Amino acid sequence: MKPSTAASRRLPLPLLVTGLGVALLVSILCCVGLGSSGIGWGDVLRYLRAGLTGGEIGADEISAYTIVWELRFPRALLAAVVGAGLSAVGVATQALVRNALADPFVLGISSGAAVGANTVLLFGALGSLGVWALSSAAFISALASMALVYAAARTAHGLTPLRLVLTGTAMYYGFSAITALMVFSADRGDAARSAMMWLLGSLGGASWQSVPLAAAAVLLGLGYLFWSARALNVLAMGDETSSALGVDPERRRRVLFVVVAAVTGAVVAVSGAIGFVGLMVPHAARMLVGADHRRVLAVAPLLGAVLLVWVDVISRLLLAPVELPVGVITSVIGVPCFVLLMRRRGYVFGGA
């Protein structure tokens, strides 16, 4: 039997993954080198080498070194981590609820995290935690919203995809209303502006303290999703097929829901609510490698990482020195791309 025309046009997976890996490294380097401060590429590379190897720099270069090593580099790494995490959980969410329009935020987790973040930004909650207050509050409230959505969606017959989507959507609007009420009731204009910036997504708070925790959460989540790739393939075919093939859809869906919620909460805690990445990137990955989740999960995180690194560059440079919210740029890019994708002849969920 001859392979399909679409399948024959696909690049070999190792070649594609290698190319995306190289593209990601180049993108991170460009993200570090580009900025409103005029630092030459030779100096950028020298400062990175000094930071990685513990080399010395001159006293008159401290300011430039700080910009490159303490501000731009961790921000570029965090953009890659967040992009990879959102893309991976986007793939899992679409299989979990069997809905091509699902993304990590359809379960209400991001809007729940926003409630916790705003208690810190607007009212100074958890002040004793210092620099960890914002991310801790966002992560805790994300897990709390996950528990609330799960409790509301679960019935005596289990956790069905439709009830999960409907419950998550309802909770999303509920948490968003609470967040809006908090913003409008705040009496500090600067705090309200910071809250709105966070709600639209921002990587401005990136630091060497925030990168390792987010990276660990994303790597652990990715590891589990790769291990569950066969189960994701089966779940996407429906509960009856899953049971016939030896996969307990109720149990698997419950565990995946927890993993998706935990990774989403960890990512949102450090970057705010960046939309459209988890919706658009999984579809783009399926166009490149097909519907097998083992292949999709190998490509989607790299695609998402490259995308968000360049989105962050655009957000910093487009109206420099003013920084635009990252979520605004992803929506501006994502809407037309997604519409074109949906209008592509022959495209279906999981198809070529």
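Residues numbered from 1 in each chain as written. Predicted model: local features only at pLDDT ≥ 70, side-chain atom pairs only at ≥ 80, totals over all residues. Heavy atoms only, no water.

Regarding the overall build of the protein
Applied cut-off: Put simply, DSSP H or I for four residues or longer makes a helix, DSSP E for two residues or longer makes a strand, and each gets a number counted from the N terminus. Here the globule rule reads 2.2 Å times residues to the power 0.38, and the radius of gyration is calculated from C-alpha atoms. The rule is simple: take the accessible area with a 1.4 Å probe, protein chains only, and divide by the maximum for that residue type; under 20% is buried, over 50% is exposed, in between is partly exposed.
The number of helices and strands found in the protein is 15 helices and zero strands. In terms of overall dimensions, the protein is globule-like: its C-alpha atoms have a radius of gyration of 21 Å, near the 20 Å expected for 352 residues. Considering only C-alpha atoms, the protein reaches an extent of 70 × 55 × 35 Å along its principal axes. In the protein, buried positions account for 50% of the 352 residues.

Remarks on the environment of arginine 163
Here is the rule we go by: Contacts are assigned to residue pairs that have any heavy atoms within 4.5 Å of one another. In protein, a polar contact means a hydrogen-donor-capable atom and an acceptor-capable atom, both N or O and within 3.5 Å, with residues adjacent in sequence counting only if both atoms are side-chain atoms; elsewhere, any N or O pair within 3.5 Å suffices.
Among the structural elements, arginine 163 can be located in helix α7 (residues 161-185). Taking the C-alpha atoms as reference points, arginine 163 and glycine 55, separated by 108 residues in sequence, lie 56 Å from one another. Once residues lying within four places of it in the same chain are set aside, the contact partners of arginine 163 are Ala152, Ala153 and Thr155. In this structure the side chain of arginine 163 is engaged in a polar contact, spanning 3.0 Å, whose partner is the backbone oxygen of alanine 153.

Quick look at the packing of helix α9 (residues 210-227) against helix α14 (residues 293-317)
Keep this limit in mind: Only C-alpha atoms enter the line fits that serve as axes; for helices the fit covers just the stretch in contact. Angles between N-to-C directions range over 0 to 180 degrees. Orientation categories follow fixed angle ranges, with anything under 35 degrees roughly parallel, anything over 145 roughly antiparallel, 65 to 115 roughly perpendicular, and all other angles oblique. Less than a right angle of anticlockwise turn of the near helix away from the far helix marks a crossing as left-handed, whereas a clockwise turn marks it as right-handed.
Following both chains from N to C, one finds α9 and α14 inclined at 160°, their axes separated by 9 Å at the closest point. Compared by their axis directions, α9 and α14 come out roughly antiparallel. Where α9 crosses over α14, the two elements pack in a sense that is left-handed. Mapping the contact onto sequence places Leu222, Leu225 and Phe226 in α9 and Arg294, Leu297, Ala298 and Pro301 in α14.

Some remarks on the nonpolar core
This is how it is decided: Nonpolar cores were defined as sets of buried Ala, Val, Leu, Ile, Met, Phe, Trp, Tyr and Cys residues, with membership established by side-chain atoms within 4.5 Å.
Ranked by size, the top nonpolar core spans 88 residues in total, and within it Leu24, Ile28, Val32, Leu78, Val82, Leu107 and Leu164 carry the most contacts. Ignoring any residue separated from it by four or fewer positions in sequence, one finds leucine 107 in contact with Leu96, Val97, Val149, Leu164, Gly168, Phe257 and Val260. The next biggest cluster of nonpolar side chains, apart from the first, holds nine residues, and it includes Leu122, Met182, Ala186 and Ala191.

Here we look at unusual backbone geometry
In this model, phenylalanine 276 sits at a positive phi of 80°, which is unusual for a non-glycine residue. Position of phenylalanine 276 relative to the elements: it lies in the loop between α12 (249-271) and α13 (277-289).

Side note on a nonpolar patch on the surface
Short version of the rule: By definition, no residue in a patch forms a salt bridge, and every one has over 30% relative accessible area; like charges are joined within 9 Å, nonpolar side chains (Val, Leu, Ile, Met, Phe, Trp, Tyr) within 5 Å. Calculation of accessible area relied on Shrake-Rupley with a 1.4 Å probe; when residues are assessed, cover is drawn exclusively from the protein chains displayed. When a carboxyl oxygen of Asp or Glu lies within 4 Å of a side-chain nitrogen of Lys or Arg, that pair is called a salt bridge.
There is a patch of nonpolar side chains on the surface, built from Leu126, Leu129, Trp132 and Leu213 and spanning about 360 Å² of accessible area. With respect to the helices, strands and loops of the structure, leucine 126 is situated in the loop between α5 (109-123) and α6 (133-153).

Section: the side chain of arginine 252
When you line up the elements, arginine 252 lands in helix α12. For arginine 252, a relative accessible area of 16% corresponds to the buried category. If sequence neighbours within four positions are ignored, arginine 252 has contacts with Tyr224, Trp227, Ser228, Ala231, Leu235 and Val247.

A short note on the confidence of the model for the protein
Which entries qualify depends on this criterion: For every residue, the pLDDT score states the predictor's confidence, bounded by 0 at the bottom and 100 at the top.
Model confidence for the protein is summarised by a mean pLDDT of 84, while 93% of its residues fall at 70 or above. For the protein, the element scoring lowest by mean pLDDT is helix α1 (residues 5-9), at 51; α14 scores highest, at 95.

So, the packing of aromatic side chains
Here is the rule we go by: Pairing of aromatic rings covers Phe, Tyr and Trp, the last through its six-membered ring, and needs centres within 6.5 Å; plane angles under 30 degrees mean stacked, over 60 mean edge-to-face, and all others mean tilted.
Applying the stated rule across the entire model yields seven aromatic pairs. Ring centres of tryptophan 69 and tryptophan 208 lie 5.1 Å apart, and the angle between their planes is 40°; this geometry places the pair in the tilted category. On the criterion of sequence distance, the pair formed by tryptophan 69 in helix α4 (residues 62-97) and tryptophan 208 in the loop between α8 (189-199) and α9 is long-range, its members being 139 residues apart. Assessed through its relative accessible area of 27%, tryptophan 208 is described here as partly exposed. Ring pairing ties together the aromatic residues Trp69, Phe73 and Trp208, which thus form one cluster.

So, the pattern of salt bridges
On inspection of all chains with the given rule, the structure shows six salt bridges. A salt bridge links arginine 46 to glutamate 61; the nearest nitrogen and oxygen atoms lie 2.6 Å apart. Remark: glutamate 61 occurs in the loop between α3 (41-53) and α4 and arginine 46 occurs in helix α3; sequence separation between them is 15 residues. With a relative accessible area of 28%, arginine 46 lands in the partly exposed category. As a salt-bridge pair, glutamate 323 and arginine 75 come within 2.8 Å of each other at their nearest N and O atoms. On the criterion of sequence distance, the pair formed by glutamate 323 in the loop between α14 and α15 (326-342) and arginine 75 in helix α4 is long-range, its members being 248 residues apart. Among the charged side chains, a network of salt bridges with common partners joins Arg75, Asp312, Arg316 and Glu323.

Some details on α13
We count it as follows: In this scheme, a helix's expected span is set at 1.5 Å multiplied by one less than its residue total.
Compared with the 18 Å implied by 1.5 Å per residue over 13 residues, the 18 Å span of α13 between its first and last C-alpha is a close match. Regarding α13, the residues found buried are Val277, Gly278, Leu279, Met280, Val281, Pro282, His283, Ala285, Arg286 and Val289. Looking one or two residues beyond α13, the residue adopting positive phi is glycine 290, at roughly 95°.

Observations regarding the packing of α9 against α12
Two numbers describe a pair of packed helices, the interaxial angle and the distance between the axes. Condition: In this classification, Asp, Glu, Lys and Arg are treated as charged, Ala, Val, Leu, Ile, Met, Phe, Trp, Tyr, Cys and Pro as nonpolar, and every other residue, Gly included, as polar.
Interhelical geometry of α9 versus α12 gives an angle of 160° and a closest axis separation of 9 Å. For the element pair α9 / α12, the angle class is roughly antiparallel. In terms of crossing hand, the pair formed by α9 and α12 is left-handed. Between α9, through Ser210, Ala214, Ala217, Val218, Gly221, Tyr224, Leu225 and Trp227, and α12, the contact on the second element is made entirely by Arg252, Val255, Leu256, Val259, Val263, Ala266, Val267 and Val270. A class-by-class count of the residues in the contact of α9 with α12 yields 13 nonpolar, two polar and one charged.

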